[in-house]
Amino acid sequence: MSSRDGNNCGLAHYTLDLFDEWKRNRQEAANEWEKFKDAYERKNTDHWKDGETEDWRSDAFVDVTRQKIATAVASVSEIMLAGNQLPFALKPAPALEAIYDEIDEGQREQFDEAIENETQEIQQQLAEGGAKDEFLRNVAGCALYGTTFSKFRVDSVPKTEAQVMEDGGFQVNETQVDLPKWEAVPINEMVWDMEAENLKD
């Protein structure tokens, strides 16, 4: 019996039709992703051997795609991860930036020091959250599939710190800290707007 048979209400029909339409719309993109993956894995599919005579078709597959992807990932990673850190920059608010050159040198030094301290804290948080590894997953996914996705959230994680006591000893303290997390999302786990007619738009 079809899922649309019986006494399904109008909302159920609409939902089922929406899923069917979404699946059809996604299929073209999914076929392209599979094609790219087959080329990377050197799978001898009909697509890549289309047009060759069946009776003498070769199983050979030159490993050009894998080499190009590896080169692209290495090149982008080397540029973007200079200094082994994710690139970002903190700037003063526009109102402060407009008067930055007019304030006295002592205040400018305070602002510069505050920006430097905040930069170091963010770099530490990114390192603790494994952001660099997730970024590399994004780069690899983009090189392979032509697109990539990430999501960002804040997690509360335990952190252990050693505190120096007055007698010269140490006391270990455990606290909960909020840590920004960067997570690369596998392309097959992405769900686009189900009412979109063209996933490439």
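Residues numbered from 1 in each chain as written. Predicted model: local features only at pLDDT ≥ 70, side-chain atom pairs only at ≥ 80, totals over all residues. Heavy atoms only, no water.

1. A short note on the overall build of the chain
If you tally the helices and strands in the chain, you get 5 helices and 2 strands. Within the chain, the proportion of its 201 residues that are buried is 19%. Across the chain, every contact between residues at least 6 apart in sequence was considered, and the portion connecting residues at least 24 apart equals 61%. (Helix = DSSP H or I, 4+ residues; strand = E, 2+ residues; numbered from the N terminus. Buried < 20%, exposed > 50% of the residue type's maximum accessible area, 1.4 Å probe, protein only. Contact = heavy atoms within 4.5 Å.)

2. Things to note about the packing of aromatic side chains
For the structure shown, the criterion picks out 2 aromatic pairs. Between Phe 135 and Trp 182 the ring centres are 5.8 Å apart and the planes differ by 80°, which places this aromatic pair in the edge-to-face class. With a gap of 47 residues between them, Phe 135 in helix α5 (residues 131–145) and Trp 182 in strand β2 (residues 170–185) connect regions that are remote in the sequence. Trp 182 matches Phe 135 in its accessibility class, with the two residues each being buried. Connected via pairs of aromatic rings, a cluster forms that spans Phe 135, Phe 152 and Trp 182. One Lys or Arg, Arg 66, reaches over the ring of Tyr 40 and ends 4.3 Å from the middle of that ring. (Phe/Tyr/Trp six-rings, centres within 6.5 Å; stacked < 30°, edge-to-face > 60°. Lys NZ or Arg CZ within 6 Å of the ring centre and 35° of its normal.)

3. Focus on the side chain of Ser 77
Along the chain, the position of Ser 77 falls in helix α2 (residues 64–80). Ser 77 sits in the buried class, given a relative accessible area of 13%. The residues contacting Ser 77, other than those within four sequence positions of it, are Leu 136 and Val 139.

4. What to know about the side chain of Thr 119
Tracing the backbone shows Thr 119 in helix α4 (residues 105–128). Since its relative accessible area comes to 14%, Thr 119 is described here as buried. Aside from chain neighbours lying at most four places away, what touches Thr 119 is Phe 88 and Leu 90.

5. Brief notes about the pattern of salt bridges
Enumeration over the complete set of coordinates arrives at 6 salt bridges. Lys 159 serves as the salt-bridge partner of Glu 128, at 3.9 Å between the closest nitrogen and oxygen. Highlighted residues: Glu 128 in helix α4 and Lys 159 in strand β1 (residues 149–164), separated in sequence by 31 residues. Of the residues examined, Lys 159 reaches a relative accessible area of 24% and is grouped as partly exposed. Ionic contacts of the salt-bridge type, sharing partners, join the residues Lys 151, Arg 153, Asp 155, Lys 181 and Glu 183 into one network. (Salt bridge = Lys/Arg side-chain N within 4 Å of Asp/Glu carboxyl O.)

6. As for the confidence of the model for the chain
Confidence in the prediction of the chain, expressed as mean pLDDT, is 79, and 82% of residues score 70 or more. Looking over the chain, one finds the lowest element-wise mean pLDDT in helix α3 (residues 94–99), namely 79, and the highest in α5, namely 91. (pLDDT = per-residue confidence, 0-100.)

7. Brief notes about the nonpolar core
One finds Trp 33, Leu 86, Phe 135, Tyr 145, Phe 149, Trp 182 and Ile 187 to be the most contacted residues of the largest nonpolar core, which totals 16 residues. Here this core gets 5 residues from one element, more than from any other, and that element is α5. Setting aside residues no more than four positions away along its own chain, Ile 187 makes contact with Arg 26, Trp 33, Tyr 145, Thr 147 and Phe 149. (Core = buried A, V, L, I, M, F, W, Y, C linked by side-chain atoms within 4.5 Å.)

8. Re the packing of α2 against α5
Direction vectors running N to C along α2 and α5 enclose 140°, while the axes themselves pass 9 Å from each other. Comparing their axes, α5 and α2 come out oblique. For the element pair α2 and α5, the recorded crossing hand is right-handed. Contact residues: α2 offers Ile 69, Ala 72, Val 73, Val 76, Ser 77 and Met 80, while α5 offers Phe 135, Leu 136, Val 139, Ala 140, Ala 143 and Leu 144. A class-by-class count of the residues in the contact of α2 with α5 yields 11 nonpolar, 1 polar and no charged. (Axes fitted to C-alpha atoms, helices over the stretch in contact; angles between N-to-C directions. Parallel < 35°, antiparallel > 145°, perpendicular 65-115°, else oblique. Left-handed = near helix turned anticlockwise from the far one by under 90°. Nonpolar A, V, L, I, M, F, W, Y, C, P; charged D, E, K, R; others polar.)

9. Some thoughts on the pairing of β2
By the bridge criterion, 16 bridges tie β1 to β2 in an arrangement that is antiparallel. Bridging across to β2, Thr 160 finds its partner in Glu 174. What sits between β1 and β2 in their antiparallel hairpin is a turn of 5 residues, with Gly 168 showing a positive phi close to 90°. (Pairing = 2+ DSSP bridges.)

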